[in-house]
Amino acid sequence: MTDSSDGAFPPGARVRVRRAHPPGHVRTPHYCRGHIGEVERLCGHFRNPEELAYGRADHAPLALYRVRFRQRDLWPDYAGAVDDSVEIELYEHWLEPAR
Amino acid sequence: MNRMTESDNEHPSGAPNAAPHDPSDIRGAIEAGRRHHDMGGLNAGPIDRDQHGHEAWEHKTDAILRLLAAKERGPLVRVDELRRGIEEMGPGVYDTLTYYERWIGSITNILVEKGVLTVDELGRRIEAVRARHASSPADGPEEGTQ
Amino acid sequence: MTGDNGATSENLPGSGHEHGHRHPNQPDLEDGPLGYYPAMADAVAELLIEKGVFGADDLRATIDYMASRTPALGARLVARAWRDPDFKRALVADSRAAAETLDIDTGPTPLLVMENTAHVHNVIVCTLCSCYPVFLLGKSPDWYKSRNYRSRVVREPRAVLAEFGTHIAPEREVRVHDSTADMRYMVLPMRPGGTDGWSEEALAALITRDALVGVCEVTR
């Protein structure tokens, strides 16, 4: 399940992480929600951890991306260099297009 | 309004996260929808580089999970389920337990949920293991290695 | 995997204050009553074996196999990559296939190798649980799983690196990889100067676990 052929967002696309705070198991860190980053690559397609965590595996795999965020976009007081970045793996249903 | 402090971390425009807050502010985290295991960006102290030597039961716990997560056994316990169980322990227990204590606690709960093990047999066996250890502590646990 | 493993991640050069003692809250098998969770681990193992879920030999073999996973495996891949540009390209493009040519198992989860350059320094964390490239580095160190590392390294990576004695020039980008999902990561450090002509074994001996996580650089 690691083909990297198709996904909604090509490398370089600007995406915003959805702002959502579900009560269950998710793999989208709180600190990046609502923030804009750039798709670094499509990692492939994997089953949804939000379902697997509850023992359900009977669903289609989701596209998984690595998204690059600039540190200074995430943290107002970021003290490092301007180009410093964080890359996070995010499933497609957490992403929406951004300008 | 202390209870709302953390919700300021996220701005509709995606403005930068607010100043890091105290991880002990459990109510603030609840209102912000941030779960306690999701700690990226929180205030925290210096990195402690002391290393404990892994014990036999920790190697065993690690191996139990790998065996239960293998496809040929279902999997009986997926890594995602392991994580979900750990996250559901709540902040007090999560931060009190060591890493592999969280693992075996979560694995065991999932095995009970799935009917692989019963609460009663676990209660009896844990007592038996501890009694065995008390009578000959030098032997350590059975099935352990290293 | 959420975790880590490998019995021998202790006592590595360059990994800091590792003297094998127990933390105060670590259950101690020798000095008192058996801790509740260690007892649970034994109870669960016994019951699963009795029920035929797996065999005692499966358990033993898995423990032994995971104990064979140590940072020496990651170091070998890096040393080969330093000496062989084709291997380096292959390792970065498809680590599983490249490692297989050296009979090294990268594990069930896809592994991405992140190359440090004059422009970028990479460092790995898992803020949500502690994902770690166990199959190449063995069990993760306690600091990697600590609240302090997981909380801080995504927000103040340069301050955290400085605590490890690592100072990255401001013109180099520090790139943090938060290992949140289905990938695992290993850093391919920069080869230190003055090692021209060194053998793969001599180079591998320089490469520490902490350099493969990205909190240190490799020095002679």
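Residues numbered from 1 in each chain as written. Chains lettered and ligands numbered in written order. Predicted model: local features only at pLDDT ≥ 70, side-chain atom pairs only at ≥ 80, totals over all residues. Heavy atoms only, no water.

For chain C, an unreviewed UniProt entry supplies the name Nitrile hydratase subunit alpha and the organism Marivibrio halodurans.

Chemist: A description of the overall build of chain C should follow, citing residues and the corresponding values.
Modeler: Helix and strand counts for chain C come out as 11 helices and 4 strands. Every one of the 220 residues in chain C was classed for burial, and the buried ones make up 63%. Restricting to contacts in chain C with at least 6 residues of sequence separation, those with at least 24 account for 71%. When the accessible surface of chain C is totalled, it reaches about 7,900 Å², and 52% of it is carbon and sulfur. (Helix = DSSP H or I, 4+ residues; strand = E, 2+ residues; numbered from the N terminus. Buried < 20%, exposed > 50% of the residue type's maximum accessible area, 1.4 Å probe, protein only. Contact = heavy atoms within 4.5 Å. Areas by Shrake-Rupley, 256 points an atom, 1.4 Å probe, with all protein chains shown as cover.)

Chemist: Please set out the interface of chain B and chain A residue by residue, giving values where relevant.
Modeler: Across the contact, 24 residues belong to chain B and 27 residues belong to chain A. Carbon and sulfur atoms supply 45% of the area buried between chain B and chain A, which totals about 2,100 Å² over both sides. The interface formed by chain B and chain A holds 1 salt bridge in total. One salt bridge in this structure joins D38 of chain B and R33 of chain A, with 3.6 Å as the shortest N-O distance. (Buried area = accessible area lost by both parts, 1.4 Å probe. Salt bridge = Lys/Arg side-chain N within 4 Å of Asp/Glu carboxyl O.)

Chemist: Any chance you could break down empty space enclosed by the protein for me, citing the residues and the numbers?
Modeler: Taking a probe equal in size to a water molecule and rolling it over the atoms shows the remaining empty space. All names here are of chain C. Within this structure, the stated rule accounts for 4 cavities of 30 Å³ or more. Considered as a void within the structure, the largest cavity measures approximately 90 Å³ in volume. For the largest cavity, the lining is made up of 12 residues, of which T106, T109, V134, F135 and R184 are closest to its centre. Of all the elements, helix α6 (residues 134-137) adds the most residues to the lining of the largest cavity, at 3 residues. Taken together, the residues that form the lining of the largest cavity break down as 8 nonpolar, 3 polar and 1 charged. (1 Å grid on protein atoms, 1.4 Å probe; cavity = no way out; pocket = protein on both sides within 12 Å on 5 of 7 lines; lining within 4 Å. Points joined across faces, edges and corners; volume = space filled by probe spheres on them. Nonpolar A, V, L, I, M, F, W, Y, C, P; charged D, E, K, R; others polar.)

Chemist: Account for the pattern of salt bridges, with residues named and values stated.
Modeler: Enumeration over the complete set of coordinates arrives at 33 salt bridges over all chains. D84 of chain A serves as the salt-bridge partner of R158 of chain C, at 2.7 Å between the closest nitrogen and oxygen. Of this pair, R158 of chain C sits in helix α9 (residues 157-163) while D84 of chain A sits in the loop between α2 (71-74) and β4 (85-91), which puts the two residues in different chains. Given the relative accessible area of 18%, R158 of chain C is considered buried. The buried category is assigned to D84 of chain A, whose relative accessible area is 0%. Across the pair R125 of chain B and E50 of chain C runs a salt bridge, and its minimum N-O distance is 2.7 Å. Residue R125 of chain B is located in helix α6 (residues 119-135), and its partner E50 of chain C is located in helix α1 (residues 36-50); the two belong to separate chains. Since its relative accessible area comes to 18%, R125 of chain B is described here as buried. Among the residues examined, E50 of chain C registers a relative accessible area of 53% and is labelled exposed.

Chemist: Requested: an account of the packing of α6 of chain B against α1 of chain C, with residues and values cited.
Modeler: The N-to-C vectors of α6 of chain B and α1 of chain C enclose an angle of 115°; their axes lie 8 Å apart at closest approach. For the element pair α6 of chain B and α1 of chain C, the recorded crossing hand is right-handed. Here E121, L122, R125, I126, V129, R130 and R132 of chain B of α6 of chain B lie close against α1 of chain C, whose contacting residues are Y36, A39, M40, D42, A43, V44, E46, L47 and E50 of chain C. Of the residues in the contact of α6 of chain B with α1 of chain C, the class split is 9 nonpolar, no polar and 7 charged. (Axes fitted to C-alpha atoms, helices over the stretch in contact; angles between N-to-C directions. Left-handed = near helix turned anticlockwise from the far one by under 90°.)

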